[in-house]
Each structure stands twice: as structure tokens, then as C-alpha cells.
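Structural features, examined
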Amino acid sequence: TAGKIAEEMGYQVYMVGGIVRDILLNFPTLDLDLVVEGDGIAFAQKLAQIFKGRIKSHKKFKTAVIILSSGQKIDVATARLEYYEYPAALPTVELSSLKMDLYRRDFSINTLAVHLNPSRFGKLIDFFGGQRDLKQKKIRVLHALSFIEDPTRILRAVRFEQRFNFHIGKQTFRLIKNALKLDILNKVSGNRIYQELILIFKEKKSIQCLFKLQEYNILKSIHPLLNLTENLQNLFLEINNILNWYNLLYLNEKVKIELLYFLVLLSNLKYEDTKKVISRLNFSKKQKDIFFELREKTKFCLIEFDRYPKKYITKISKLYLLLDDIPIEGILFIIAKIKNEELRQKIAIYVAKFRRIKLAISGKDLIALGLKPGPIFGEILKEVKQISLDNQIYDKQSQLELAKK
Ligand code: CTP
């Protein structure tokens, strides 16, 4: 359909980038990227109309996003010659605007395109050796200034390397080393680094990516205090096991992976140093507050568990009192850190079974018992919950009896 629309408008349209790479690799893929030689926004409007999708367009960049009712996104970009002002650009006369558009991209494996116009439908376009690099499993930049133009590509290189089990090409690796020597990541805003780290955290092989960031000296280039010591690496491996276990429980409480990973990544640092790294990454005020609150809470719990392991092993209600208001990320972190194996098991049971249990009674039932509403309600319900948890009393009638007492 896209090809026909373009043809009618007198444009050429191509499917480009990640989707072509993923199709050739037989990898699942989500978003569709199109490049139009012509008026990309006008084209996107037509396409959105036909598919009854919503459209958001960026006049300045001549790009648009179409969001279909299924939630699928289609990115549409305009390939225009006057768009490019790169020092490394080749003589423009020789280049189609598609080629120019692709030349601006990060790695050769992301420069493949498929023509969608009916007369040439399905033709694979490979200006920069992308197919060869896919075969050789190689991450390769298109020119020597690539990492200088966009230093976040250093992180992207590691992400793709791990995701596809590729390797970074020799020359490309040298360019990364050189860029790091120039302290190039220092010039990138905290926001952009943060976003790239989040993308890494969301990868299946996120931990392997992090280890590589350490190995390639990228972490310390983001901030000199970032150091994934062997200790921390082991902690990450442990966290990974725990996350796999937790995900298999299919509970409602979803883990915010970035919160958990930053908790681990910064767990060796003192408060002041942690603040420095977090400022570098431009955490918002709210993110900072959430992070430090969780950090304090988990620290407190770990000290408690260290001091009084018996107390928490014997009574679920004690675990409930301590852990109920701690977000799941904090609890998973605690499980990873705790040394007492018996207690660890108990906390795991608390998470898997007891944490979700709700009281069968509520304030309404207390009113029905003739009690006057007030802060005391909270106390009563909390106490009933403790007794219920320790004695496995889950039916409403018995809990009402407890409340009466
Ligand atoms: N791109 C780039 N430099 C960046 C970010 C993106 O050159 N710093 C290019 C890439 O070539 C990519 C395209 O823009 O193909 C779209 O970016 P993105 O959606 O991030 O890339 P995907 O390859 O689709 O990655 P993912 O599979 O992670 O979505």
C-alpha cells in the first residue's frame, strides 16, 4: 500500500534500517521505518488516512509518526539533499537522496533498504556493505567521524554487539578507543546517556552489555566513579537469576528495571558520590527522591536482617511489617544481597505468596461492627493482618472475630 501511494504521488518509498536488518536476521521486529524521496509529511498523511491511524508530524525535520489502532508505529522520514551538512559527505551529485539519508546512520547493518514502489517492490538496496557485515556478524561504522558526530553510538555499538552476538569491527573498535581518549562522552548530555543506558537495561542481554561497557572503559568515561567491580558483576548475575525467578511468578507488580539496575550499579558508592553520578545522568528531582528513598530503605532492611535474622525467619508478619511498603525493586535487591540462606528463602516465600494477600475485611466491616472510623482503623487492620499471616487465617468471618478482639 505504501508503495502504491508513493507511486501515485510521484515519490519513491523505502523500508529502511532496523526492520530490514531484523528481517534478514530472522529477528522479531516492531517498528516500521520508511524513507520517502519526496514530501514525507504529505505521504504520511495519506498513509494515515488510509489506515485510519493517528499522525504526529515534525515540520522542522520533515518527519512524521503514524500510530495505528493496533499500537504499531510507522516512522516516516523525508530524504532531501539540502538536509545534509556533514563534513564527510561525498559529492552530492553522485548520490541519491536515499543514499545520503542512509549515510547519516550509525552502522552498516542499519543502512539496508527495501524499495516499496510497485515497479521495484522488494528490491534490496545495500549501499554500504550491510549484507556482508550481517553475514560476518560485524558492527561497522560508515566513516571515521561517526562517533564524533554522535558519541551515543558508542553505547549503541555495544548494545547491538550483544543483542545479535556480533563483534565490533577492528577499525570501528579503534575509532571507539580514540573517541573515548578524546573524552567525547563528556560532551553528551546526561539525558541522552541516560536514555541509552535505559535501552541497554531493557535488552535481553543487558548484563552482558554492562560487562562490556566496563571492559571497554566506557562506563568510567560516562563517569569516573562508575566501576563495575567483580563484586558488582557477581551481584548483577545474582540479580539476573532473581529477576528470572520473579518473572516466572507472573505477579502484577512489574519491576522497573532501571530503578533496580541503578540500585545495583551505584550500590558500592557513598552517598555523595552517588549524587554526583546521578546528577551527571540528569535524574529528575522525582527520580532522585525515589532512588534515594529506596536506597535508604533497603540499607535499613539489610542491617535489620543482619542483626535479627531469627526474628524474620520465624514470623512472616515481621517480614510483612518491614517489607510491605518497599517497592519490589528494593526487595529483589535485598534478596540478592542477603547472606543468610534461610532468611533469603523466607523472603522469597513472602514475595511469591504472602505479599499479594489482601485482608478479607476492610474499614467498612469495622464500621458495620459499630466502630467509629479513625486512625485506629489502620492499626486494627494491620494487627489483624499480622495475626492472619502468621496463622494463615484468610476467611472473612475469622478475621472479623480477630478485629472484634
Ligand atoms: N541511528 C543512528 N544514530 C543514532 C540513533 C539511531 O544512526 N544515535 C539510526 C540507526 O541507523 C537506526 C535508525 O536511526 O537504524 C533508527 O534508530 P532506532 O530506532 O534507535 O534503531 P533500530 O535499529 O530500529 O534499533 P532498535 O532495534 O533498538 O529499535
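Structure shown above.
A brief report on the enclosed structure follows. (Residues numbered from 1 in each chain as written. Predicted model: local features only at pLDDT ≥ 70, side-chain atom pairs only at ≥ 80, totals over all residues. Heavy atoms only, no water.)

Glancing now at the overall build of the protein. When its secondary structure is counted, the protein shows 22 helices and nine strands. A compact globule built from 405 residues should have a C-alpha radius of gyration of about 22 Å, whereas the protein, at 27 Å, is more than 25% larger. Projected onto its principal axes, the C-alpha coordinates of the protein cover approximately 90 × 50 × 35 Å. In the protein, the share of contacts with a sequence separation of at least 24, taken over all contacts with a separation of at least 6, comes to 65%. About 21,400 Å² of surface is accessible on the protein, with carbon and sulfur atoms providing 53% of the total. Side chains of the protein give 68 positive and 44 negative charges; the mean places of these two sets differ by 0 Å. (Helix = DSSP H or I, 4+ residues; strand = E, 2+ residues; numbered from the N terminus. Rg over C-alpha atoms; globule rule 2.2 N^0.38 Å. Contact = heavy atoms within 4.5 Å. Areas by Shrake-Rupley, 256 points an atom, 1.4 Å probe, with all protein chains shown as cover. Lys, Arg positive; Asp, Glu negative; His and termini not counted. Charge placed at Lys NZ, Arg CZ, Asp CG, Glu CD.)

Now for the sheet that holds strand 6 (residues 113–115). Two strands in a sheet stick together by hydrogen bonds in their backbones, pointing the same way (parallel) or opposite ways (antiparallel). In space, the seven strands of this open sheet follow the order 3-4-5-2-1-6-7, with mixed pairing throughout. Pairing within the sheet leaves two strands with one partner each, and these edge strands are strand 3 (54–58) and strand 7 (124–125). For strand 1 (residues 12–16) and strand 2 (residues 32–37), the ladder comprises four bridges, and the chain directions are antiparallel. Bridged to Tyr 14 within strand 2 is Val 35. Sheet contacts for helix 3 (residues 40–51): strand 1, strand 2, strand 3, strand 4 (63–67) and strand 5 (73–78); angle to strand 5, the most-contacted strand, approximately 155 degrees. (Pairing = 2+ DSSP bridges. Axes fitted to C-alpha atoms, helices over the stretch in contact; angles between N-to-C directions.)

All right, on to the environment of Ile 154 then. One can find Ile 154 in helix 7 (residues 152–164). Exposure remark for Ile 154: the relative accessible area of 0% places this residue in the buried category. Excluding anything up to four places from it in sequence, Ile 154 contacts Phe 147, Ile 176, Ala 179, Leu 180, Ile 184, Leu 185 and Ile 218. (Buried < 20%, exposed > 50% of the residue type's maximum accessible area, 1.4 Å probe, protein only.)

On to the pairing of strand 2. With five of its six residues buried, strand 2 lies for the most part within the structure. Relative to strand 5, strand 2 runs parallel, the two being bridged by five bridges. Of the residues in strand 5, the one forming a bridge with Val 36 is Thr 78.

Another point: the side chain of Arg 159. As for its position among the elements, Arg 159 is in helix 7. The class for Arg 159 is buried, based on a relative accessible area of 5%. Discounting residues that sit within four places of it in the chain, Arg 159 has contacts with Glu 196, Leu 199, Ile 200, Glu 203 and Cys 209.

Our next topic: the environment of Tyr 11. Within the secondary structure, Tyr 11 sits in the loop between helix 1 (2–9) and strand 1. With 26 residues separating them in the primary sequence, Tyr 11 and Glu 37 have C-alpha atoms 5.6 Å apart. The residues contacting Tyr 11, other than those within four sequence positions of it, are Ala 6, Val 36, Glu 37, Gly 38, Asp 39, Phe 43 and Asn 117. Within the structure, the side chain of Tyr 11 is placed 3.5 Å from the backbone nitrogen of Asp 39, a separation counted as a polar contact. (Polar contact = N/O pair within 3.5 Å; in protein donor to acceptor, adjacent residues only side chain to side chain.)

The next thing to look at is the nonpolar core. Core analysis: the largest hydrophobic core is formed by 111 residues, its most contacted members being Leu 34, Phe 43, Phe 262, Phe 305 and Leu 323. Counting residues per element, this core draws most heavily on helix 13 (residues 257–265), at eight residues. If you look at the next biggest cluster of nonpolar residues, it comprises 12 residues, including Val 35, Tyr 103, Ala 113 and Ile 125. (Core = buried A, V, L, I, M, F, W, Y, C linked by side-chain atoms within 4.5 Å.)

Right, let's talk about a nonpolar patch on the surface for a bit. Side chains of Leu 145, Ile 148 and Leu 182 sit close together on the surface and give an oily, nonpolar patch of about 260 Å² of accessible area. Counting through the fold element by element, Leu 145 comes out in the loop between strand 8 (138–139) and helix 6 (146–149). You can call Leu 145 partly exposed: its relative accessible area is 36%. (Patch = residues over 30% accessible without salt bridge, like charges linked within 9 Å, V, L, I, M, F, W, Y side chains within 5 Å. Salt bridge = Lys/Arg side-chain N within 4 Å of Asp/Glu carboxyl O.)

Moving on to the pattern of salt bridges. For the structure shown, the criterion picks out 22 salt bridges. Between Asp 133 and Arg 132 there is a salt bridge, with its nearest N and O atoms 3.6 Å apart. Its relative accessible area of 0% is what places Asp 133 among the buried residues. The class of Arg 132 is partly exposed, set by a relative accessible area of 44%.

Pairs of packed helices are described in terms of their axes, by the angle between the two and the distance that separates them. Packing of helix 21 (residues 375–391) against helix 22 (residues 396–404) leaves a shortest axis separation of 9 Å and a crossing angle of 125 degrees. Compared by their axis directions, helix 21 and helix 22 come out oblique. For the pair helix 21 and helix 22, the crossing hand works out as right-handed. Residues Ile 380, Val 384, Ile 387 and Ser 388 of helix 21 touch helix 22, and the partners they reach there are Gln 399, Leu 402 and Ala 403. Tallied by class, residues from the contact of helix 21 with helix 22 come to five nonpolar, two polar and no charged. (Parallel < 35°, antiparallel > 145°, perpendicular 65-115°, else oblique. Left-handed = near helix turned anticlockwise from the far one by under 90°. Nonpolar A, V, L, I, M, F, W, Y, C, P; charged D, E, K, R; others polar.)

Looking at helix 14 (residues 271–280), one finds that the buried residues are Asp 273, Thr 274, Val 277, Ile 278 and Arg 280. The buried residues of helix 14 occupy an angular sector of 155 degrees when projected down its axis, which confines them to one face. Those residues of helix 14 that are buried lie in contact with helix 9 (190–201), helix 11 (219–222) and helix 15 (285–307). Backbone geometry just after helix 14 places Asn 282 at a positive phi near 60 degrees. (Arc of directions from axis to C-beta.)

This part is about the site of the ligand. Surrounding the ligand, one finds 14 residues, the nearest of these being Arg 21, Asp 106, Asp 150, Arg 156 and Arg 163. Contact between the ligand and Asp 106: an oxygen atom at 2.7 Å from a main-chain N or O atom of the residue. Between the ligand and Arg 159, the relevant distance is 3.0 Å, taken from an oxygen atom to a side-chain nitrogen or oxygen of the residue. Its free accessible area being 570 Å², the ligand has 69% of it covered by the protein chains. Mapped onto the shell around the ligand, the elements with two or more residues apiece are helix 2 (18–25) and helix 7. When the residues that make up the shell around the ligand are grouped by side-chain class, the tally is one nonpolar, four polar and nine charged. (Near = heavy atom within 4 Å.)

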